Amino acid sequence: MDDAELIQAIAGGNHAAFEQVYRAHKDRLLTVTTLLLGGDLAAAEDVLHEVYLRVVETAHVIELRGSLQSYLVSACLNRARDVLRRRRRSTSDNGSFDRLPVESSTPLHVLERAEEVHALLTALAGLAEEQREVVTLHLHGGMTFREIAELHGISINTIQSRYRYALAALRSRLAHDPQLKERKP
Amino acid sequence: MTIEHEFEQQLQNVRIDTSAELDDRILGDAQKRQAARLAGIRFPFAFNGRFRNGVAVGAAVAVIIGVFLVWAFDPNDSWAQVASAVKLRPWIQITGEPEVGQIVEQWFSIDKMVMATRSKPAGYAELHDLRNHSHAWYEPGEKILYVRTDDPGSVGQEFDFMKALLESLFRGDERLDFEHKELVEQPKQERRMVEAGGRSWIEYTITFPDDRVDTATIRIRVDPDTMLPRSLIAESKPGYAGAPARMEARIDYPEQGPADIYELGVPREAKVVDLSSNGNALTIIKLARQSAAEFDDHSGIGVITEGDAPWYRGTPFRIWRKGAKWRMDYGIADPLVGEPEPPAAEVDRHAWWKARCERLWFLPSEVSDGKHVWSNIALAEGSEQARYQHPIIWPHVDWPPPNWESRKSSDNWPAETGPLTFGYPPQLARQGRTVEKNVQEHPAEGPQGCVLLTIRDAGLPPEKILSGTEKFWIDPNRGCITVKYQAATDFFRINSDLKRSPKSIWYPARVQNVDLRALDGKDRTGLTLWFYLEFDAELPDELFTPADRIILSQMPSHLEN
C-alpha cells in the first residue's frame, strides 16, 4: 500500500495499517521532536502520542500533498512549537538530555559513544530555535531544503543559509567541548 | 568525504528510539480510538470543521456520550433506581448543533440495543443493532447505503471504559471517575450547584490538562431530582485550534426512536452495498486458524532459492516453534565455504541440508517469547544487497552483533513462521469496516478440490479495489490449508508438496512465489521456499530469548579459533 492507501485503510479502521505507519516512522519522529524540544523526552513522547492519535481521528480528512513522512514530521513540528510557546510563557524548562535512550549502531558502542552523543545533542539544544529546526528537519526528519522552505513559507536560500550557520555554530560549540576535545583528533 | 559531510553524518547518527511502553500506549490508544470511530461514536465533532483540530474535545464528548450506552445495557445496583426510571423510556436522544444550521442527533435504545446517528443537512446516517449484529451507514456523498450483518460488536468495546464514569455520575460523586486514563487523560474537575432556567442543576465542569494543545472544557448538567443528565456543553479555548469553539447538546428521553436506517432520512432508492461476509467464509477462516494454532511444536530448515536455481543452491534458515514462541535464524556461507557442489541425484535432501548447515554461520533474525518479538536490525556495511542473493555469502567476522528491535507480539493469528504462515496466511484475519470475505464453493479456476475465498475492501476507491483484493484457494478437506494465494493481479503463491504433521495437520513443504512486480529494480519472479521439519527436537526456552551476540553454533571447523 502506498501512503495514501495506508491513510485510507486507517480511516477504514484497519489497525494493522496504523501499526505499519506507526512503526515505520516512530523513531524518526521521536528523534525529531525530542531535538526540537531541547531534549525533553517526556514532552516529545506526549507530542508523538497526540500526533499519532490525531492521525487516527482525522485520517478520513487527511489529504497528503507530499509524503506521509513529511506530513508526520510537519505535524510534530507544529506540536513542538506549541509546547515551546507554552514553555516560554512559564518559567519552567524541562529540557534534559540526561534521560535519553540514545540509540547507537550496536549495543557494544553505546557506552563509548554516550558522552559524545550527549555533547552533540546539548550543542544542538543551544542553537537558536529556527536553526535547530532546519538542522533537525533536514538531518533527522529527512526533509529536503525545498520542503522545509515551503513549510516555513520562506525562500530556500534563507533555509540553506540557516543550515550553514547552524552547522558552523554546532562545530564551534563542539570544538570547545572538553570531552570531545579529548576524544577527537 | 568532506569534514562538513562527516560532521553531518555524525549528527545524523543520533537516533532516539521509542520505548516498548510508549509503543504499547500509542498502539493501544489508537486501537481504542479506531474502535470508537468504527462504533460510530463520532458525535458532533466529526462533522464540525471548527472542531477539526479539537480531537481531545471530540474524544471526551464521545466518552461522556458513550456513558449512556453502558448505562443502557448494563445497569447495576448502585444506580438501579435511576436506571429503572429510565428504562420506562425506551430511547435516549442527544441533539447538538456544532455549527449554525448543522444538527447532529444520536439515539440510544435501552431495550432494543440500538444506537443511531444522523447529521442534518449533511445527510450522514448510521445505525447499529447490537443484538442482531447488524450495522448500516449511509454515505451521502456516494449516495450508497452500506450494510453488514456480521458486525463483530466493536461498539461494545468502548462501553467498558465508560462504565466507571457513568456510575460516578449517577452516584453524584464529588469527583467523576476517569480511571480509564488511557482513553482520556486525567482532567481537572469541579462539581457545584448552579441556577439556570429558573431551577437548580448539579453541574460538573471537566477541564482537560493545560499542557494539551486542545484545551477543552466540558460541562454536564444533571437534574438533581432524577439524577439524569440533561445537557452537555463542550468548549475549546483559544490556542492551537484558533478561535474558541462551543457546542451545546440537549439530552432527552423520548418515547420513539428510529426503527431502521431509512427512518434516519436515508433515501429508499439509495444503492445498497452489502458488505457482509458469508457464513462459509467465517467458518473456513476459523478452521484455518485452528489448524495453525494446533500445529505441532517443531524445528526445521527452510531454504530460499531463486528462479531456476536447484534445490541445493540457496540460503537456509532455521526455524523453531514451541506454542506461541518461535525463532528464525539465517544461515550464511563464509566466502571460504562458498557454494556447494551438486549432490548426487538420489541424495536425501533433508540430510544434505543438515550437513550443509554445519558449515555455515547463523545470524539470528527474529525471536519471540510469545509476548514480544525481537528483530535483529544489525547489518554489515554494504550487506543490504547481499540479502537478495541466494545463497547469502558474507564473512561472519564482518557482521555486527545483533541489534534487537522489539515489538509487542500480535495475537491476531497463530502462524508467524514458515511454513505455517504460508499454509495458513495471517491475511485471513484482515479486518476493516468495509472489508468483506466471501467464498465460492466451485470456483471456475484454481487447484482441484479447493474453494475460493476472496477478501476485498469495498471502501477503497473503485480503481483501487482490485489492487486491494486477495484470493485464497483453500482445501477444506485438508484442514483448510491455503494451496494458492493471489494478491492483486501480479503476485501468486503456490503451496505444494503438502505433508502432514504427527497431529495430522497439513503443511506445505514447497512454497513458490511468482512476483511479477519489480522490487528494487530486480525481477523477483520465482523465489521458492523449501521446508524440512522435525517434530522430535528438544526446544529449550533459551532459544526464544534474544541473545547478545551472533550464535555461531554451527561454526565451520576450519574457521574455529
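Structure's up top.
Remember, it's a predicted structure, so these values are computed and weren't measured experimentally.

Colleague: Can you break down the pattern of salt bridges residue by residue, with the values?
Modeller: By the definition in use, this model includes 25 salt bridges over all chains. Of the charged contacts in the structure, one is a salt bridge between A:Arg81 and A:Glu133, with a shortest N-O distance of 2.9 Å. In this pair, A:Arg81 is assigned in helix α4 (residues 68-89) and A:Glu133 in helix α6 (residues 129-140), connecting sequence segments 52 residues apart. Given the relative accessible area of 5%, A:Glu133 is considered buried. Between B:Arg313 and B:Glu339 there is a salt bridge; the shortest N-O distance is 2.7 Å. Note that B:Arg313 is positioned in the loop between β14 (298-305) and β15 (315-322) and B:Glu339 in the loop between β16 (325-332) and α7 (349-357), a separation of 26 residues in sequence. Looking at B:Arg313, the relative accessible area reads 26%, which means it is partly exposed. Exposure remark for B:Glu339: the relative accessible area of 43% places this residue in the partly exposed category. Within this structure, A:Glu19, A:Arg23, A:Lys26, A:Asp27 and B:Asp23 form a network of salt bridges that share partners.

Colleague: Requested: an account of the packing of aromatic side chains, with residues and values cited.
Modeller: Residues and elements named next belong to chain B. What the rule picks out here adds up to 18 aromatic pairs over all chains. Ring centres of Trp 137 and Tyr 146 lie 5.5 Å apart, and the angle between their planes is 20 degrees; on these two criteria the pair is classed as stacked. With relative accessibility at 1%, the residue Trp 137 sits in the buried group. Assessed through its relative accessible area of 7%, Tyr 146 is described here as buried. Relative to Phe 531, the ring of Phe 317 has its centre 5.9 Å away and its plane inclined at 80 degrees; by these criteria the two rings are edge-to-face. Pair noted here: Phe 317 is in strand β15 and Phe 531 is in strand β28 (residues 527-534), with a separation of 214 residues, a long-range link. Residues Phe 317 and Phe 531 agree in their burial class; the two are buried. One residue, Arg 478, lies across the ring of Trp 506, its end atom 5.2 Å from the ring centre.

Basis of the calculations
- Residues numbered from 1 in each chain as written.
- Chains lettered and ligands numbered in written order.
- Predicted model: local features only at pLDDT ≥ 70, side-chain atom pairs only at ≥ 80, totals over all residues.
- Heavy atoms only, no water.
- Salt bridge = Lys/Arg side-chain N within 4 Å of Asp/Glu carboxyl O.
- Helix = DSSP H or I, 4+ residues; strand = E, 2+ residues; numbered from the N terminus.
- Buried < 20%, exposed > 50% of the residue type's maximum accessible area, 1.4 Å probe, protein only.
- Phe/Tyr/Trp six-rings, centres within 6.5 Å; stacked < 30°, edge-to-face > 60°.
- Lys NZ or Arg CZ within 6 Å of the ring centre and 35° of its normal.

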